[in-house]
Every structure is written in C-alpha cells, then in structure tokens.
Amino acid sequence: YLVRTESNNTMMAMFLNLIFVPLALVRCEAFVTKDLVGIVLNKRRRMVLLSATTLSTSPDFSGGFDSDRMDALTERGMLEAQIMQGGVGVLEDISLQKKSNNNNKKKKKDTKKKKKGPSIAQTLRTLNQEGVVRLNGIISPSTAAILREEILTCRDDAYDAISTNSDAQPEDWRKYFADVLLKRNRCDLLLPFDGNSSLQKVLYEILVSSNKLSSILQTAMGGNDDDATLYELSALISEPGSPRQPVHPDNPYQEYAPLYTVFIALQDITHEMGPTMFLPRTNTEDAHDRYNNIPERDSFLESSSSVAALLNTGDASLFDSRTMHCGGANDELGGSTRVLLYMSFRNPRATESIGNVGSIMPGVKRMTLNELRSKLTANILHGENENDNTTNNDDETRILAENGDALAQLKLGISYYVGDNGLETNYTEAARWFELAAAQGNAHAQFNLGCCHSLGIGVPQPDVDRAIELFQLAAKQGHPGAKEAFDEASEQKKNL
C-alpha cells in the first residue's frame, strides 16, 4: 500500500498503520542539511533561477488522506533522514558516472571525437538497473522560468478562489489540487492542457523538438508509442517549511514498471530546497520484500544508498514508479520555492493494478504518447489549438508587454536576457523591459533589474545604490534571494 510521495495520493490506510509501529519507541530530531550555496551566481543562471516566487498562503486541505496523521508522518520523515544520512550522493548525468567509474583507465588522446551525451541505449540500461536517471537540459532555462512564473500564478489564483468563495465546501481544493502526501507548505497543482499554450510549448520542446525522452519512453514500454498513455500532468510546489516525506515507491512491485515519471526542474534545486531523494536499485522484487518487512525497514533504509536530485533549471529525473524516493524538507530559513513540472506515462506491459488514480485534471484526455506528440505538433506549428485564442504566443507576449502588462514585460525581459524564444541576447532591451515591469511593482522584475544595476549589465554603468533600492523593494514582497542580494550589494557599497 503506497504513497505517491512526490506527486499524488494512493491507498494509504494499511501503510499508515504499519509505518508508525517504531515511532512510539523512538525519539527523533530533525535532520537538516547545511550545505549552503553562495550568493555569487553566474549572471545568466541567477536571473533565471530567482525570477519567480510566491507569497500565497495555502488553504486548509481538509479531508486529505493524511490530514489526521500529519505530525506522525513528519516525525517519520525526520527519523528516516537521520537513518539515511550516511550514504547520500548526488544524482549525476550518465556521462559523469561513466567518467567516474573509469577514472583510473588510460586517457585517450585529445584528437578523439567530440564528446556526445549518453545514447538512448545507455540511458535505458541505467534506467532499468538504477530505477532512475538524470536527463540534462530537456528544456531551456528561459522556457522553464516563464512556465514557473505562470504555474505559481495559477497556484495563487487557485488559493484565492478557494479562500474567497463564501459558499466553498471543505474539499473544494480537489478541483485544483491532487492529494499529495504532507501538504504543509506543499501542493500538487493539476494543470489544464487545452488552451494552455505555455505548457504545450514546453511539452513540445520535451517530446517533439527533441525525441530523446519520447524514444526512451517508447523503448522502455515495449517499443510501441501507440500504447504508452499519459497518466499524470501536474506541478509539485514546495515552500520553505515543507517537511521531508517518508520513503516510498509509487507502486507495489510487479514485473514491469507500472509508470515512468519525469520530474522537470523549473529552477535550480539546492539542498536547502528539499530535492527529491531516490534510492537507486530499489525497483526490484528483493528491495520491495525487504522494505515491506516492517521490523527490518529501518535497517534496510540505513543500508541503502540514496541520491539527491540537485537539478539545474531545465534538467529532469526520469524514474521507474517502483523506485523508492521521497520529497526532501524545504529548509525554513535557507530554502526557497521549488517547482517541478511532472508527467507520468502508463506502461501497457504492466497489467496489475497501479493503486492510484493519477494527478491529472478530469478534463485532460489520457492520450497515447503518439497522440500527444501529434496534438502538440498541430497546436504549436499549425495553430490548431481550438481553445487557445493565440496563434503566436511570443507575439502576444510582446503585444501585452507593449500595452503595459507587467508579467509579459518580465517574460520579454527574460527572453532578451538569455537569448531565447527567437530573440538575440540583448541586455539593454532586457533591462528596459525589467524597468517597465519593476515600475509597476513586480518583485521579480525589481530583483532582475537590481542584478543588472549591481553587475552593470544592460545599463550604462554599475549603480550599487539603485541595486540596493531595487533589492529592498523586492525583499519587502518576499522575493527569494532579494534579502541576500541586498546584503551583498550593501557590502559591495562599503568596499567601494
């Protein structure tokens, strides 16, 4: 009986009764990683990494499957963090793993062929053996930053709709959110597909522009993309203070993986943000047998290696749903908003029950992989999205920006800054659009413009006083990183 720990709910009753057997005997304290990340970031990544946040307050997720056991689940997660702290590594790209494994072999001459990324076959072998694999750069940082902003806005709108509806019922939140485990400062936002041009553009970039993920999924599920079916489409969002989840697989063991799930980072993920922790090679029958032996579970976890998915913006982790994992604790002081776009595909070769309904809006059709790719191609390239009034999202962004829309101005500024969405890098234009959005009180634009003035990018010369002013404005609105940037700029001014 399983929990979709980093995504949706499952049949929990039996599990909840089992997992807490040791808790009455153990007094545990929180384990918090203190591997702090410095404020000095690459100017390109810093702009994208910290370009969006939220100030919302989550609703009361009453009626959730874990609502009456939140404290016990949190305590169990903290205990497991202590048990497992000795063997934590980092989920690495396959090419880096191979390099590490062969570091004692004779180096080849510099005249060797240009280094390529891992092949589909290499990736698939690793996925089958380890149960999880890292895929770098499956969407661009600019695309990720824009979608992240829109997802957080959508989440805030959902919160507002729930809190301001005087006729709301206790479980109206289910219209917008899935029943994720441990909803304290964490939510699983269901995403619409039809009419959602930004999401479709991202999915097109992932599944059509590059066929790597599609090829891996197709091969992993038997080679027929007419059978692999979209099962989940959602976004996981955790805020500082969200607790670590207990370790679980998403599905019980069966011969074939029931689902393949991809988590895509929409910002850089640090230790403090609570990255997903994976236990490699736990997608096996033996690992599940040992895990399900309740008296021996703690010793099993202690002896198992684990890796943290410290992904960069646009990177992804692809995993077999039998692989054990959990969402990490987003540190109350050092953490910041973590957003993951995710989707799962149903494996037609896995014929036993999955055990969960999947995090997907009721109106989203469960298309085959081939149908999804065809629909994305039609919508993006041929403008056949009947529920989307825009024929060119980039053109509409510019029109909205020119008409004073602050969010569109921010998006256009980011596109100019990183040189994406058909635009050449132009720091002067980026700063101009950030200036316009910042003047309307957009905290993300204020922060980005502060970076420009602090570094002298896109402006005539560095202006630390202006940077301090902008960072202070953004910090007052709760922008992550703004307070730290304010302190850094203030120190910079002292040293002038």
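What you are looking at is a predicted structure, and each value in this text was computed from that prediction instead of being measured.

Visitor: Quick rundown of the overall build of the protein chain? Include the residues and the values.
Guide: Within the protein chain, the regular secondary structure consists of 17 helices and eleven strands. Restricting the contact set of the protein chain to residue pairs at least 6 apart, pairs at least 24 apart contribute 84%. Surface accessibility of the protein chain: about 22000 Å² in total, with carbon and sulfur atoms responsible for 48%.

Visitor: Tell me what's going on with the packing of helix α6 (residues 141–164) against helix α7 (residues 197–209), and back it up with residues and numbers.
Guide: The geometry of α6 relative to α7 is characterised by a closest axis approach of 10 Å and an angle of 145° between their N-to-C directions. The hand of the α6/α7 crossing is left-handed. On α7, the residues touching Thr143, Leu147 and Glu150 of α6 are Ser198, Leu199, Val202 and Glu205.

Visitor: Explain the pairing of strand β6 (residues 259–265) residue by residue, including any values.
Guide: Sheet faces and side chains relate simply in a regular strand, where the side chains alternate between the two faces. Among the seven residues in β6, seven count as buried, and that is most of the element. In β6, alternate side chains face the same way, and those of Leu259, Thr261, Phe263 and Ala265 on one face and Tyr260, Val262 and Ile264 on the other are all buried. Where β6 meets strand β11 (residues 338–346), seven bridges bridge the pair, whose relative direction is antiparallel. In the strand pairing of β11, Leu259 is matched with Arg346. Bridge count between β6 and strand β9 (residues 316–320): five bridges; the pairing is antiparallel.

Visitor: Break down the packing of helix α13 (residues 406–418) against helix α15 (residues 443–455) for me, citing the residues and quoting the values.
Guide: Relative orientation of the contacting elements α13 and α15 amounts to 30°, with a least axis distance of 10 Å. For the pair α13 and α15, the crossing hand works out as left-handed. From α13, Leu410, Ile414 and Tyr417 reach across to α15, where they touch His444, Ala445, Asn448 and Cys452. For the contact of α13 with α15, the per-class residue count stands at five nonpolar, two polar and no charged.

Visitor: Kindly report on helix α5 (residues 120–130), identifying the contributing residues and their values.
Guide: Among the residues of α5, those classed as buried are Thr123, Leu124, Thr126, Leu127 and Glu130. One side of α5 carries all its buried residues, which in axial view fall inside an arc of 160°. At the exit of α5 stands Gly131, carrying a positive phi of roughly 85°.

Criteria and cut-off values
Along each chain, residues carry numbers from 1 onward, in the same order as the chain's sequence is written. Residue-level local features of this predicted model are given only where pLDDT is at least 70; pairs of side-chain atoms are given and counted only at 80 or more, and the full residue set underlies all totals for whole chains, interfaces and linings. To obtain the side-chain values, all non-hydrogen atoms of the structure were used and water was disregarded. Secondary structure is summarised from DSSP: a helix means a run of H or I of at least four residues, a strand means a run of E of at least two, and numbering begins at the N terminus for each. Should any heavy atoms of two residues lie within 4.5 Å, those residues are considered in contact. Areas reported as accessible are Shrake-Rupley estimates using a 1.4 Å probe. Residue values count occlusion only from the protein chains shown. Between the N-to-C directions of two axes lies an angle of 0 to 180 degrees, each axis being a line fitted to C-alpha atoms and, for a helix, fitted only over the stretch in contact. Crossing handedness: left-handed means the near helix sits turned counterclockwise from the far one by under a right angle, and right-handed means the same turn made clockwise. Accessibility here uses a 1.4 Å probe with only protein chains present; expressed as a share of the type maximum, an area under 20% marks a residue as buried, one over 50% as exposed, and anything in between as partly exposed. Strand pairing is assigned whenever DSSP detects at least two bridges linking the two strands. By the convention adopted, Pro, Cys, Tyr, Trp, Phe, Met, Ile, Leu, Val and Ala count as nonpolar, Lys, Arg, Asp and Glu as charged, and the other residues, Gly among them, as polar. Here the arc refers to the directions that run from the helix axis out to each C-beta atom.

Worth remembering: the numbers are spatial, not functional.
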